[in-house]
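Listed here are the chains, written in short residue letters.
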Amino acid sequence: MRHDPADPKWPGRDRFVLSCGHSSLTLYIQLYLSGYGLTLDDLKALRKWGSITPGHPEYGLTPGVEVTTGPLGQGVGNAVGMAMAARRERGLFDPDAAPGESPFDHYIYAFASDGDMEEGITHESSSMAGVQELGNLILIYDDNHISIEDDTKIAKDEDTAARYAAYGWHVQHVSWITADGAYQENAQALYDAIEAAKAVTDKPSFIQLRTIIGWPAPTKQGTGAAHGAALGDAEVTATKKILGFDPAVKFPVEEEALAHAREVANRGKAVHAEWDQKFKSWEDQNEERAALFARLSARTLPPGWESALPVFPADGKGTGTRRTSGKILTALAPVLPELWGGSADLAESNNTTMEGEPSFIPANRQTEMWPGNPYGRTLHFGIREHGMGSILNGIAVSGYTRPYGGTFLQFSDYMRGAVRLAALMEQPVTYVWTHDSIGLGEDGPTHQPIEHLWSLRNIPGLDVVRPADANETVVAWKTILENTGRPAGLCLSRQNVPTFDRSKYASADGVARGAYVMADGDDVILIGTGSEVQIAIAARELLAAMGISARVVSMPCVEWFDQQDASYREEVLPRALRARVSVEAGVTPPWRIFVGDAGVAVGVDHYGASAAAEVIYQEFGVTAEAVAAAARTSIAAAQA
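Just so you know, these numbers come straight off a predicted model, no measurement behind them.

Focus: the pattern of salt bridges
And step 1. Under the definition given, this model contains 18 salt bridges.
And step 2. Ionic pairing is found between Glu357 and Arg377, a salt bridge with its closest N-O pair at 3.6 Å. Taken together, the residues span a long stretch of sequence, with Glu357 in the loop between helix H14 (347-350) and strand E10 (359-360) and Arg377 in the loop between strand E11 (372-373) and strand E12 (378-380) at a distance of 20 residues.
And step 3. With a shortest N-O distance of 2.7 Å, Asp436 and Arg466 are connected by a salt bridge. In this pair, Asp436 is assigned in the loop between strand E14 (430-434) and helix H17 (452-457) and Arg466 in the loop between strand E15 (463-465) and helix H18 (470-482), connecting sequence segments 30 residues apart. Grouping residues by exposure puts Asp436 and Arg466 together as buried.
And step 4. Among the ionic contacts, a cluster of salt bridges with common partners joins Asp436, Arg466 and Glu532.

So this is what it looks like as C-alpha cells:
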C-alpha cells in the first residue's frame, strides 16, 4: 500500500477497508506497528471505555481507520463507493492524465470474511463494481470456512470465487494450505496476487485466500471457538509455546521487529514527497481545478451558488415535490460539480437525474437512453437499495463529493443499516425518498409508508425533511447542502401539492429552522408536514368560518426545529396555547411530543389501500374536515 503514517488523511494514499470489522484488533495492531500513533496501552485498552480501539473500527476515532465497519458486508459496499468516488474525483481534477500518472490515482484495498460474503449487500455492491469495471479495487476474501456456528458448510455452499467471476471481476486463488495438508502463511504468494491484481485495470480484483482461523492454536484452530470468543488462558499459553514466546509475558514487544515494521514510515515519507512534487506540478498547470480541489477539500460551497436555485410562483394546482427536486438538481448542476447521484432504477419516479448530464459508466455500457463515460455524473444503482446505501457512504468518506441516492420512502427499509452508519459517521449523504405517503395511491399498502417517517426520525443524527411545496423543497435542498456533517433524507410527494402564495403566507425560508409559523392564529395550532400542510391550511379556513383563529405551523424537519434555541421554539409553539392538532399521513403516537396532553394527532395508524390518493385520504379521515373537528376537540380539552 501507498500510505504515510505521519499523515493519515494524505490525499494521495491508498485506502484500506476492514469489512470484517469484528477483527478490528488485526487492524489496530498493524496501525500500531506502522506508527500511526497507537500505543501498546491502546491495544491493551481494546473495547474499553474511552479507548481509541473500540470493538469495531470507527471512522474519525482511530488514526488510519477509513470507515466505520462492523455490520457485515457494509465495508465491501463502502470500498466500492470509494473506488467509484476516486474515478469521479479524477474526472473532476485530472481527467486527461495517462492511467496511473495522476496524483489522484490510488487503490482501494478491502478485506472480507465468510460473513461478509454471506450478507446480500455484498452481492449488490459487488455486482455494481463489476458493471463499473473498477480496476482500482482489490478485495481479499479470508476464506477460512468458519463463522460463529463453526463450519460454514451448514449454511454456505456456493463457489464464491465463481460468483465474483460471474460479476465480471478478475479472480485469483491463493491457498496457505499446502498439498500435503500442512499450513504455511505464504506472504510472497499473496503479494504476487496483489501485484497481478494491480496490473488488471479494467476489472475489480477478487483474491480468495484460503486460511485456517486461529492457527496455530492447538485445539481451537479451525473452529468456531476461535472466531467467536477469546482463546482462554490455557490455549493462549499453548499457542505461545508453539510460537516460541514466553507464556508469562503479556504484550511482548520485540524492538527489532517493531523497528523493522516502522520502516514503513520512511517509505511513506518518500512516496509522499514524490507525490507532493507531482501534485505541485499539477496545481501549477491547473489553476481552476486546483481551486476546485481546495474548495471540495474544505467542504465549502462556492460564493453565490444559491443564486442558481429556482423560485416557483404560486400555483393552486402545483406539482409533486419529487418533480420540484429534479428541477432543483438540474439547476444546481452547473454550479456544484461535487453533487452527483442517481437512484435504484427509479430515475423517472424519483426525478434524480440532472438534465443533460452524462451517466457515470464505462463507455461500452452506455445506452441510447443513458449516454455516458467513466467520469460521468448520473449514477445507476440498479434495484440495489442496500448496496446503494453503503456505496453512498463510501463516496462520502472519500471526502470530495456530495452523493445522493433515490428510491421510494417505503424501500428505505432496505438501506436502513447504511443510513444508520452514515449518521454514526456524520457523513453528508442525501437520500431522495419519494412516494412518501398514502398519496402515492393505487400501488397500495406494500408501497405506502406509514411508520417510516418516525422510524427514520428515531435515528440520531439523521435529518428527515418533508417539504410542503415547491419553494419549501428549494430551501430544504439549500439547507441540506449547507450542512456538511449530517446525512439527510428528503421525503417527497408523488402527488401534486399546491405552491403556496408567499405574499399571503410566510416565506419558505423558515424551512431552514425546521418549523415556522406559516399563517398566524390565536385559538389553536395546526402542525402539518409535507403534503398535509395544505390540509392544515384548508382546515384553518373552515375554522375561520366558525369564528376560530388557527395558527398553521409547517414542520418539515423535526431535527432542525429541535436544534433551535428555546426562544424560537416558544415563538412557534407557545406553551400557553395547549390546543394543538398535528396532521401527517403516518403513525400518530410520536406526535404527542408536540401536541401535548390536550392535543389531537390526525394520521394513519394502519396500513394503506389501493385507490386514488384523494379517495384514500377521504376514507382514512386525513381531511380538512377531520382536522377542523380535531381542533374543536383539542380546544375543549385545553379549556377543561
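Now that the structure has been shown, the text picks up again.
Points about the nonpolar core
And step 1. Val524, Leu526, Met555, Leu573 and Phe594 are the most contacted members of the largest nonpolar core, which has 77 residues in total.
And step 2. Broken down by element, the residue count for this core peaks at seven residues, all from H18.
And step 3. Dropping the residues within four chain positions of it, Phe594 is found in contact with Trp454, Ile527, Met555, Val558, Phe561, Asp562, Leu573 and Arg580.
And step 4. Among the nonpolar cores identified, the runner-up in size contains 52 residues, and Ala83, Tyr141, Leu392 and Tyr431 belong to it.

Things to note about the sheet that holds strand E21 (residues 580-583)
And step 1. Spatially, five strands are ordered E18-E20-E19-E21-E22 in an open sheet, and the strand pairing comes out mixed. Sheet topology places strand E18 (516-519) and strand E22 (600-602) at the edges, where each strand pairs with a single neighbour. Averaged over neighbouring strand pairs, the angle between their axes works out to 25° when direction is ignored.

Considerations on helix H19 (residues 533-545)
And step 1. Taking 1.5 Å of rise per residue, the 13 residues of H19 would be expected to cover 18 Å, and the 19 Å separating its terminal C-alpha atoms lies within 8% of that figure.
And step 2. Those residues of H19 lying buried are Val533, Ile535, Ala536, Ile537, Ala539 and Leu543.
And step 3. Of the surrounding secondary structure, the elements contacted by the buried residues of H19 are E18, strand E19 (524-528), strand E20 (550-554), E21, helix H23 (613-619) and helix H24 (624-639).
And step 4. Once H19 ends, the next one or two residues include Gly547, with phi positive near 85°.

What to know about the sheet that holds strand E1 (residues 15-18)
And step 1. Ordered in space as E1-E2-E3-E7-E6, the five strands form an open sheet in which the pairing is parallel. Looking at the sheet topology across the chains shown, the edges are occupied by E1 and strand E6 (170-175). Within this sheet the neighbouring strands show an average axis-to-axis angle of 15°, counted without direction.
And step 2. The pairing of strand E3 (residues 137-143) with strand E7 (residues 205-210) spans six bridges and is classified as parallel. Paired with Ile140 across the strands is Ile207, a residue of E7.

What counts, and where the lines are drawn
Residues numbered from 1 in each chain as written. Predicted model: local features only at pLDDT ≥ 70, side-chain atom pairs only at ≥ 80, totals over all residues. Heavy atoms only, no water. Salt bridge = Lys/Arg side-chain N within 4 Å of Asp/Glu carboxyl O. Helix = DSSP H or I, 4+ residues; strand = E, 2+ residues; numbered from the N terminus. Buried < 20%, exposed > 50% of the residue type's maximum accessible area, 1.4 Å probe, protein only. Core = buried A, V, L, I, M, F, W, Y, C linked by side-chain atoms within 4.5 Å. Contact = heavy atoms within 4.5 Å. Pairing = 2+ DSSP bridges. Axes fitted to C-alpha atoms, helices over the stretch in contact; angles between N-to-C directions. Expected span 1.5 Å × (residues − 1).

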